Amino acid sequence: MPTQFTRRSLIRGITAATAVATLATGLAACGGDSDAATRTDDAADTVTVGRLSNGAATETELKVAEVKSISALLPDGIKKSGKLVIGSGTLPSGSPPLGFIGSDQKTLTGSEIDLGRLVSAVLGLKPEVQRSTWENLFIGLDSGKVDVAFSNVTDTEERKQKYEFASYRKDDLAFEVKKDNTWNFDNNYENLAGKTVSVGNGTNQEKILLEWKAKLEKEGKKLTVKYFQETNSLYLALNSGKIDAYFGPSPNLSYHTTQTANTPQATRIAGQFSGAGETLQGLIAATAKKDSGLAEPLAAAINHLIDNGQYAKWLKAWNLSGEAVAKSEVNPPGLPLTNS
């Protein structure tokens, strides 16, 4: 495998005072959609990020007002509705620090949710969050039930056939293993031979992992891929040795390693890989239905937040400063149709 480009170091310093609260039973129904509770007590032209985060973020008040020249770019239907319906693929068990139920055990919090609120403020729209499973996130976009997904969606060329993008964060993936496991990925898919790895169904990382699996099969080697509906089940399998590693978004996995650092279930990061493959830095993007006319105003709103400093403060509040991009782009190059 060719040597890859230099990556940022692992996300440092994500801390939490207590474990993330479990989801309320009514919100955890597998496959269903749910209206997420949102905080509405912000002062005028103010968005408070990092609320109810159980220490995963530093609560930070940001001044953000509508920018008329940007909101004028919105499609007429969105202007008339006065709201931005935001999709969050975080059912059933949440995905901290990106999206999870907060310390009041009812309000959805997380870095992705907060960015959606900030962008909505620039656009002069009221944010309305719809929660779903990851698979149903795209069904919501297809049906028009959801306007835009802020849910750790990787920009890929395959997805561009149906969706349009406004990038806002770097996308790196990671392998998580038990702390006493000496295995490392070492930027070489051949090191996965003989391993059992879990990955999220329908995700970009699944696509990459299955391509590696196919390569290994051609070489007469085996990689076993397993799926779990809930995060708790996944980590029980990891801790019991039923799987060797979990391949997922770097922010989630780095967060989890800090949560388990001083417990018998301690884990570590065993390697990283770009969400766009070997030669391209992956990007996370706000995702809307193709030809919806939303990508341009979304990118303009994100760039306004970047230019005025709110973007950097948002990332810093969530300990994700290493994920920053210089600007938001409309439909930038993404993971190729084939990653071979």
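Residues numbered from 1 in each chain as written. Predicted model: local features only at pLDDT ≥ 70, side-chain atom pairs only at ≥ 80, totals over all residues. Heavy atoms only, no water.

Chemist: Just checking my understanding: could you explain the overall build of the protein for this structure?
Modeler: Across its full length, the protein carries nine helices and 14 strands. As displayed, the protein offers around 14200 Å² of accessible surface, 49% of which is attributable to carbon and sulfur atoms. (Helix = DSSP H or I, 4+ residues; strand = E, 2+ residues; numbered from the N terminus. Areas by Shrake-Rupley, 256 points an atom, 1.4 Å probe, with all protein chains shown as cover.)

Chemist: What should I look at first to understand the pattern of salt bridges in this one?
Modeler: Should their charged atoms come close, side chains of opposite charge can pair. Summed over all chains, the structure comprises eleven salt bridges. D155 is the salt-bridge partner of K160, the closest N and O atoms lying 3.1 Å from each other. (Salt bridge = Lys/Arg side-chain N within 4 Å of Asp/Glu carboxyl O.)

Chemist: Would you take a moment to explain the environment of Y255 for this structure?
Modeler: Checked against the element boundaries, Y255 lands in helix 7 (residues 250–260). Y255 sits 160 residues away from S95 along the chain, and the two C-alpha atoms are 9.8 Å apart.

Chemist: Help me understand the nonpolar core, please; the structure alone is not making it clear to me.
Modeler: Across soluble globular proteins, you tend to see nonpolar side chains buried next to one another. The biggest cluster of nonpolar side chains holds 47 residues, and the ones touching the most others in it are V119, L123, F150, L298, W314 and W318. Elements supplying a minimum of two residues to this core: strand 2 (46–49), strand 4 (83–88), strand 5 (100–101), helix 3 (111–122), strand 9 (163–178), strand 14 (282–289), helix 8 (295–307) and helix 9 (310–317). (Core = buried A, V, L, I, M, F, W, Y, C linked by side-chain atoms within 4.5 Å. Buried < 20%, exposed > 50% of the residue type's maximum accessible area, 1.4 Å probe, protein only.)

Chemist: How do you make sense of the environment of E217 when you look at a structure like this?
Modeler: Note that E217 resides in helix 5 (residues 204–218). E217 sits in the partly exposed class, given a relative accessible area of 49%. As a C-alpha pair, E217 and A193 span 24 residues in sequence and 9.2 Å in three-dimensional space.

Chemist: What should I look at first to understand helix 3 in this one?
Modeler: Each α-helix winds once per 3.6 residues, and so residues spaced three or four apart point in a common direction. For helix 3, built from twelve residues, the straight-helix expectation of 16 Å at 1.5 Å per residue is met to within 8% by its first-to-last C-alpha distance of 17 Å. Most of helix 3 sits inside the fold, with twelve of its twelve residues counted as buried. The complete set of buried residues in helix 3 reads S111, E112, I113, D114, L115, G116, R117, L118, V119, S120, A121 and V122. After helix 3 finishes, the residue G124 shows a positive phi value of roughly 70°. (Expected span 1.5 Å × (residues − 1).)

Chemist: Whenever I open this one, the pairing of strand 13 (residues 267–274) confuses me. Can you help?
Modeler: When a strand is regular, its side chains alternate between the sheet's two faces. A large share of strand 13 lies buried, amounting to eight of its eight residues. Here six bridges tie strand 9 to strand 13, and the two strands are oriented antiparallel to one another. Note on strand 13: the bridge partner recorded for K178 is T267. (Pairing = 2+ DSSP bridges.)

Chemist: Looking at this structure, I do not really get the side chain of S71. What am I missing?
Modeler: Structurally, the position occupied by S71 is in helix 1 (residues 68–71). For S71, a relative accessible area of 9% gives the class buried. A distance of 3.2 Å separates a polar side-chain atom of S71 from the backbone oxygen of K68. Sequence-distant contacts of S71, defined by excluding residues within four places in its chain, comprise E66, K79 and L123. (Polar contact = N/O pair within 3.5 Å; in protein donor to acceptor, adjacent residues only side chain to side chain. Contact = heavy atoms within 4.5 Å.)

Chemist: Would you take a moment to explain the pairing of strand 12 (residues 245–249) for this structure?
Modeler: For strand 12, a buried count of five out of five residues is recorded, marking the element as mostly surrounded by other parts of the structure. In this sheet, strand 12 lies alongside strand 9 in antiparallel orientation, the contact comprising four bridges. Its bridge partner being in strand 12, A174 is matched across the sheet by G248. In terms of strand pairing, strand 10 (residues 196–199) meets strand 12 through three bridges, oriented parallel. Within strand 12, the residue paired with V199 across the bridge is F247.

Chemist: Just to check I follow, could you spell out the packing of aromatic side chains for this structure?
Modeler: Aromatic rings considered in pairs are described by the distance between their centres and by the relative angle of their planes. For the structure shown, the criterion picks out 14 aromatic pairs. Each ring, one from F185 and one from W212, has its centre 5.2 Å from the other, and the planes form 40°; the classification is tilted. Residue F185 is located in the loop between strand 9 and strand 10, and its partner W212 is located in helix 5; the two are separated by 27 residues in the primary sequence. An angle of 90° between the planes, with centres 6.1 Å apart, marks the rings of Y235 and Y246 as edge-to-face. Of this pair, Y235 sits in helix 6 (residues 231–240) while Y246 sits in strand 12, and the two are eleven residues apart along the sequence. In this structure Y235 comes out as buried when scored by relative accessible area, which is 10%. On the basis of relative accessible area, Y246 is assigned to the buried category, the value being 15%. The ring of Y189 has K215 lying over it, and the distance from NZ or CZ to the ring centre is 5.0 Å. (Phe/Tyr/Trp six-rings, centres within 6.5 Å; stacked < 30°, edge-to-face > 60°. Lys NZ or Arg CZ within 6 Å of the ring centre and 35° of its normal.)

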